[in-house]
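Residues per chain are reported as follows:
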Amino acid sequence: MPRLHVNIDHVATVRQARRGPRPDPVEWAILAERAGAQGITCHLRKDRRHILDADVAQLRKVVRTLLNLESSLEPEMVAIALASGADEVCLVPENRAEITTEGGLDVVREKLRLAEVLPRLREKGILVSLFVDPERAQLEEAAQLEADFVELHTGSYANADVRVRGRELERLIEGALHAHALGLRVNAGHGLDLENVAAVAALPHLEELNIGHALVGRSLFVGVEAAVKEMLARIRVGAHGEGSR
Ligand code: PXP
């Protein structure tokens, strides 16, 4: 069964609406771990719209499972990632105007910058993941660069109309198989919720699912513990072959 990594960015989004100390995303992360989350993920964006530098430092002190930091390739953010003590760094594209991370990283276009950054992260013992669309050329370049993981972008699947959802799922399955054949480890995430997660949890070779927005939203109604537990239950259903498209 894939591990559930809980992305806490949007707890910080609510906090930043008032720029005060609460709700504290670190406290929320501790509750998510207690409920069974197997990793905590956050994205320190250049514009600091949600997670702040101090959150990353505090998370490093309290996270007992695995800390996954999402980072762009901007030199400032890479320097922070290198010093963060994160167990895993997921390199993502970042565009100031976007509401959330929109597409996968263009590994082919960014290969020179990646070839410079990846070894520096790996020298620190950090596992490196590249957030990519499930396209063969992207996966092949990720393997050339010797990334540890690719995180397959599930946004197109999650947002797809029911008529094309099956096709999007096929792309993810083919991507996972191809990545594994290239020696890459496979993660997935973006836009997943209770309704669509089971089919993704059934992807071949999948190790980690990164889920944030749906869990934070659901926790407003049922609390953090119940939100994490019901997501884990849906992942279990999918991983054991009961997922539906
Ligand atoms: N994976 C990556 C690389 C992301 O950038 C995000 C969004 O921050 C997620 C997963 C989680 O997406 P969502 O919040 O839609 O669950």
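Here, the structure is the one placed above.
Report on the accompanying structure. (Residues numbered from 1 in each chain as written. Predicted model: local features only at pLDDT ≥ 70, side-chain atom pairs only at ≥ 80, totals over all residues. Heavy atoms only, no water.)

Considering the overall build of the protein chain
Piece 1. Scanning the protein chain from N- to C-terminus turns up eleven helices and eight strands.
Piece 2. Along the longest, intermediate and shortest principal axes, the C-alpha atoms of the protein chain span 45 × 40 × 30 Å.
Piece 3. Per-residue burial for the protein chain yields a buried fraction of 51% across its 245 residues.
Piece 4. Long-range pairs, those at least 24 residues apart, make up 66% of the contacts in the protein chain with a sequence separation of at least 6.
Piece 5. As displayed, the protein chain has an accessible area near 11200 Å², and 51% of this comes from carbon and sulfur atoms.
Piece 6. Distance between charge centres in the protein chain, computed from 31 positive and 37 negative side chains, equals 4 Å. (Helix = DSSP H or I, 4+ residues; strand = E, 2+ residues; numbered from the N terminus. Buried < 20%, exposed > 50% of the residue type's maximum accessible area, 1.4 Å probe, protein only. Contact = heavy atoms within 4.5 Å. Areas by Shrake-Rupley, 256 points an atom, 1.4 Å probe, with all protein chains shown as cover. Lys, Arg positive; Asp, Glu negative; His and termini not counted. Charge placed at Lys NZ, Arg CZ, Asp CG, Glu CD.)

Considering the site of the ligand
Piece 1. Taken together, the neighbourhood of the ligand is formed by 14 residues, with E70, E151, G191, G212 and H213 sitting nearest.
Piece 2. One nitrogen or oxygen atom from the main chain of G212 is found 2.8 Å from an oxygen atom belonging to the ligand.
Piece 3. A distance of 2.9 Å separates an oxygen atom of the ligand from a polar atom in the backbone of H213.
Piece 4. Burial of the ligand by the protein chains amounts to 95% of its free accessible area of 400 Å².
Piece 5. Residue composition of the shell around the ligand, grouped by class: three nonpolar, eight polar and three charged. (Near = heavy atom within 4 Å. Polar contact = N/O pair within 3.5 Å; in protein donor to acceptor, adjacent residues only side chain to side chain. Nonpolar A, V, L, I, M, F, W, Y, C, P; charged D, E, K, R; others polar.)

Points about helix α5 (residues 111-123)
Piece 1. The end-to-end C-alpha distance of α5, which contains 13 residues, comes to 18 Å, matching closely the 18 Å that a straight helix rising 1.5 Å per residue would cover.
Piece 2. Within α5, the full set of buried residues consists of L114, V117, L118 and L121.
Piece 3. Buried residues along α5 sit in contact with α4 (75-83), β4 (88-91) and β5 (127-132). (Expected span 1.5 Å × (residues − 1).)

Details of the packing of aromatic side chains
Piece 1. One pass over the structure, following the stated rule, counts zero aromatic pairs.
Piece 2. Cation over ring: R165 sits above Y157, and NZ or CZ is 5.3 Å from the ring centre. (Phe/Tyr/Trp six-rings, centres within 6.5 Å; stacked < 30°, edge-to-face > 60°. Lys NZ or Arg CZ within 6 Å of the ring centre and 35° of its normal.)

Quick look at helix α1 (residues 9-16)
Piece 1. Within α1, the full set of buried residues consists of D9, V11, A12, R15 and Q16. Projected onto a plane normal to the axis of α1, the buried residues spread over an arc of 160° and lie on a single side.
Piece 2. Residues of α1 that are buried sit in contact with β1 (3-7), α2 (25-34), β2 (39-43), α3 (53-62) and α10 (213-222). (Arc of directions from axis to C-beta.)

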